[in-house]
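Listed here are the chains, written in short residue letters.
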Amino acid sequence: MPADPLHRAASPPRSTKRQPPRGSAASADQGPVEVRRSARRRRTVSAYREGDRTIVLIPARMSEAEERRWVGVMLDKLAAQENKRLLGDTELAERAALLSGQYFEGRAEPTSVRWVTNQNTRWGSCTPAEGSIRLSHRLQGMPEYVVDYVLLHELAHLLVPGHGPRFWRLLEAYPRTERARGYLEGVVAAERLPHLPAARGE
């Protein structure tokens, strides 16, 4: 099984749900997605909002699999751009309380929730005995649903310390757990890629 992108611990079985086909809504909260192929577009992919619709522009020769991947990438990129306002520690604690109430019936009650700059190998950490939660500053600027997932992950540790079945059942209540995990795993994978020189003409 792949490692947990937060704590490098055992992770739950992965979902086998397929991503939505071209032209359908990729996520309920981002509205419908329309993919437009262009023969004049060679390699670049771009996206923009048009009312409640997201338009993704891709090269005509792109495969269906590449299209699905790039739609996800561009939706995340737009979400990150729209979430530029950084939460302070007070707002982060308020967000944690809101999420605890929404998904855990308010049972997870941290004594403190704050950003830290000394966590470069994990996204978040929790000390159940103290009730403290710390999130890595590297999450700042990432899509809101990713930050929410990390907060929920740490809140769940206030109720269940380990990563056993009970822990993952708690997180099943959050509908974007798999997508957030995939996003974080993608960030980790990208950081491990060698920095190759750009090809001629790029």
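The rules behind the values
Residues numbered from 1 in each chain as written. Predicted model: local features only at pLDDT ≥ 70, side-chain atom pairs only at ≥ 80, totals over all residues. Heavy atoms only, no water. Pairing = 2+ DSSP bridges. Helix = DSSP H or I, 4+ residues; strand = E, 2+ residues; numbered from the N terminus. Axes fitted to C-alpha atoms, helices over the stretch in contact; angles between N-to-C directions. Salt bridge = Lys/Arg side-chain N within 4 Å of Asp/Glu carboxyl O. Buried < 20%, exposed > 50% of the residue type's maximum accessible area, 1.4 Å probe, protein only. Phe/Tyr/Trp six-rings, centres within 6.5 Å; stacked < 30°, edge-to-face > 60°. Lys NZ or Arg CZ within 6 Å of the ring centre and 35° of its normal. Parallel < 35°, antiparallel > 145°, perpendicular 65-115°, else oblique. Contact = heavy atoms within 4.5 Å. Nonpolar A, V, L, I, M, F, W, Y, C, P; charged D, E, K, R; others polar. Polar contact = N/O pair within 3.5 Å; in protein donor to acceptor, adjacent residues only side chain to side chain.

Q: Even after reading the chapter, I still don't get the sheet that holds strand S1 (residues 33-38), so can you show me in this structure?
A: The 3 strands lie next to each other as S1-S3-S2, forming an open sheet whose pairing is mixed. Edge positions in the sheet fall to S1 and strand S2 (46-50), since each of these pairs with one other strand and no more. The sheet shows a mean angle of 25° between the axes of neighbouring strands, taken without regard to direction. Relative to strand S3 (residues 53-59), S2 runs antiparallel, the two being bridged by 5 bridges. Residue pairing in the sheet places Glu50 in a bridge with Arg53 of S3.

Q: Even after reading the chapter, I still don't get the pattern of salt bridges, so can you show me in this structure?
A: Any two side chains of opposite charge can pair, so long as their charged atoms come close to each other. Enumeration according to the criterion identifies 8 salt bridges in this entry. A salt bridge links Glu34 to Arg53, with the nearest nitrogen and oxygen atoms 3.8 Å apart. Separated by 19 residues along the polypeptide, Glu34 in strand S1 and Arg53 in strand S3 bring together distant segments of the chain. Take Arg53: its relative accessible area is 31%, and that puts it in the partly exposed class. In this structure, the salt-bridge partner of Glu64 is Arg37, at a minimum N-O distance of 3.9 Å. With Glu64 in helix H1 (residues 64-82) and Arg37 in strand S1, the pair connects residues that are 27 residues apart, well separated along the chain. Given the relative accessible area of 38%, Glu64 is considered partly exposed. One continuous salt-bridge network, built from bridges that share partners, spans Glu34, Arg36 and Arg53.

Q: I tried to follow the packing of aromatic side chains on my own but got confused; where do I start?
A: In this description, a pair of aromatic rings is defined by centroid distance and the angle of the planes. The tally for this structure, following the rule as stated, stands at 3 aromatic pairs. For the ring pair Tyr145 and Tyr183, a centre distance of 6.4 Å and an interplane angle of 75° mean the geometry is edge-to-face. Residue Tyr145 is located in helix H3 (residues 144-159), and its partner Tyr183 is located in helix H5 (residues 177-192); the two are separated by 38 residues in the primary sequence. Assigned by exposure class, Tyr145 and Tyr183 land together as buried. One cation-aromatic arrangement involves Arg176 over Tyr145; the distance from NZ or CZ to the ring centre is 4.1 Å.

Q: Can you walk me through the packing of H3 against H5 in this structure?
A: Angle between the axes and distance between the axes: these two values describe a pair of packed helices. Interaxial distance between H3 and H5 falls to 9 Å at its minimum, and their mutual angle equals 100°. In this view, H3 runs roughly perpendicular relative to H5, as classed from their interaxial angle. When H3 is examined against H5, the residues Tyr145, Val146, Tyr149 and Val150 are found in contact with a partner set consisting of Thr177, Arg179, Ala180, Arg181, Tyr183 and Leu184. Tallied by class, the residues present in the contact of H3 with H5 amount to 7 nonpolar, 1 polar and 2 charged.

Q: Would you take a moment to explain the side chain of Asp76 for this structure?
A: Position of Asp76 among the secondary structure elements: in helix H1. Its relative accessible area of 11% is what places Asp76 among the buried residues. Among the polar contacts listed, one links the side chain of Asp76 to the side chain of Tyr145, at a separation of 2.5 Å. Leaving out residues up to four positions away in the same chain, Asp76 has contacts with Pro143, Tyr145, Arg179 and Tyr183.

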